[in-house]
Amino acid sequence: ASPHAVEGQAPDETQSPRAELVRQLDSTASAGGRDRAFAIGALARIGSWSEVDHWLATYSTIKENDKLAEAAELIGKDTLLRISLHDGLTDGGRAGLDKILQGTDDFLHDRQRLSAALKLLAGDSVDETLSARRTLISGGNASIEILLEAIGQGIQGNQYNQAVGLLKSFGEQSVNAADQL
């Protein structure tokens, strides 16, 4: 629970609307999962830094990179940047923030995840192909490596065309590297 919340306390008429909002967001964060990440983002946007710090610290023990990446997405890139620049985070809050950022980076660049997306490029499903393209684009340089390896190993047909199209989206240097294979 938040350092400022009193469990079961009903707001009284003297409590400010901001304090009530913080109390509600604190309650939302206590539910965990997606709710916690959403609440952290909202608390940061209203400048309720002690609550942000408290709830961020809870992420330092999470091991699943997909959950950390989901939290980062729900909090939002701009808000995460704002949080990272705030100098009032405790060591626990900073550790939770670092865990979210590292877990997100590891998730986006996971070779197994990117290789699975590459396989989906060969399919006929438009939805699967679009999902695979989004996954590979989010993988950045790690995706470029996987795409170049696959082209070098001789992928064919639609999968080849999709891979080359993705390389073009990464820029001219990626296409030139593929041409050298």
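Residues numbered from 1 in each chain as written. Predicted model: local features only at pLDDT ≥ 70, side-chain atom pairs only at ≥ 80, totals over all residues. Heavy atoms only, no water.

### Some remarks on the nonpolar core
In a soluble, globular protein the nonpolar side chains are often hidden away together inside.
Now for step 1: Ile40, Val52, Leu56, Tyr59, Ile75, Ile83 and Ile100 are the most contacted members of the largest nonpolar core, which totals 23 residues.
Now for step 2: For this core, the element with the most residues is helix H2 (residues 33-45), which contributes six residues.
Now for step 3: Counting residues in hydrophobic clusters, the runner-up holds 18 residues, among them Leu118, Leu147, Leu148 and Leu166. (Core = buried A, V, L, I, M, F, W, Y, C linked by side-chain atoms within 4.5 Å. Buried < 20%, exposed > 50% of the residue type's maximum accessible area, 1.4 Å probe, protein only. Helix = DSSP H or I, 4+ residues; strand = E, 2+ residues; numbered from the N terminus.)

### Observations concerning the packing of helix H7 (residues 111-120) against helix H8 (residues 126-138)
Now for step 1: Where H7 meets H8, the closest approach of the two axes is 8 Å, and the angle between their N-to-C directions is 145°. Crossing of H7 against H8: the hand is left-handed. Only Glu128, Thr129, Ala132, Thr135, Leu136 and Ser138 of H8 make contact with H7, whose side of the interface consists of Arg113, Leu114, Ala117, Leu118 and Leu120. (Axes fitted to C-alpha atoms, helices over the stretch in contact; angles between N-to-C directions. Left-handed = near helix turned anticlockwise from the far one by under 90°. Contact = heavy atoms within 4.5 Å.)

### Quick look at the side chain of serine 48
Now for step 1: Within the secondary structure layout, serine 48 lies in the loop between H2 and helix H3 (49-57).
Now for step 2: Using a relative accessible area of 4% as the deciding quantity, one classes serine 48 as buried.

### Regarding the packing of aromatic side chains
Now for step 1: Under the definition given, this model contains zero aromatic pairs.
Now for step 2: The ring of phenylalanine 107 is capped by arginine 113, whose NZ or CZ atom sits 4.1 Å from the centre of that ring. (Phe/Tyr/Trp six-rings, centres within 6.5 Å; stacked < 30°, edge-to-face > 60°. Lys NZ or Arg CZ within 6 Å of the ring centre and 35° of its normal.)

### What to know about H3
Now for step 1: When we look at burial in H3, the residues that qualify are Trp49, Glu51, Val52, Asp53, Trp55 and Leu56.
Now for step 2: For H3, the elements touching its buried residues are helix H1 (17-30), H2, helix H5 (77-85) and helix H6 (91-108).

### Observations concerning the pattern of salt bridges
Two side chains that carry opposite charge are able to pair once their charged atoms sit near each other.
Now for step 1: Applying the stated rule across the entire model yields four salt bridges.
Now for step 2: Note that arginine 34 and glutamate 70 form a salt bridge whose closest N and O atoms lie 2.6 Å from each other. Note that arginine 34 is positioned in helix H2 and glutamate 70 in helix H4 (residues 65-75), a separation of 36 residues in sequence.
Now for step 3: Glutamate 70 gets classed as partly exposed once you look at its relative accessible area, which sits at 30%.
Now for step 4: In this structure, arginine 111 engages glutamate 149 in a salt bridge whose closest nitrogen and oxygen atoms are separated by 2.8 Å. Highlighted residues: arginine 111 in helix H7 and glutamate 149 in helix H9 (residues 140-152), separated in sequence by 38 residues.
Now for step 5: Taking relative accessible area as the criterion, glutamate 149 reaches 37% and is therefore assigned partly exposed.
Now for step 6: Residues joined in a network through salt bridges with shared partners are Arg111, Glu145 and Glu149. (Salt bridge = Lys/Arg side-chain N within 4 Å of Asp/Glu carboxyl O.)

Functional significance is not addressed by these values, which are geometric in nature.
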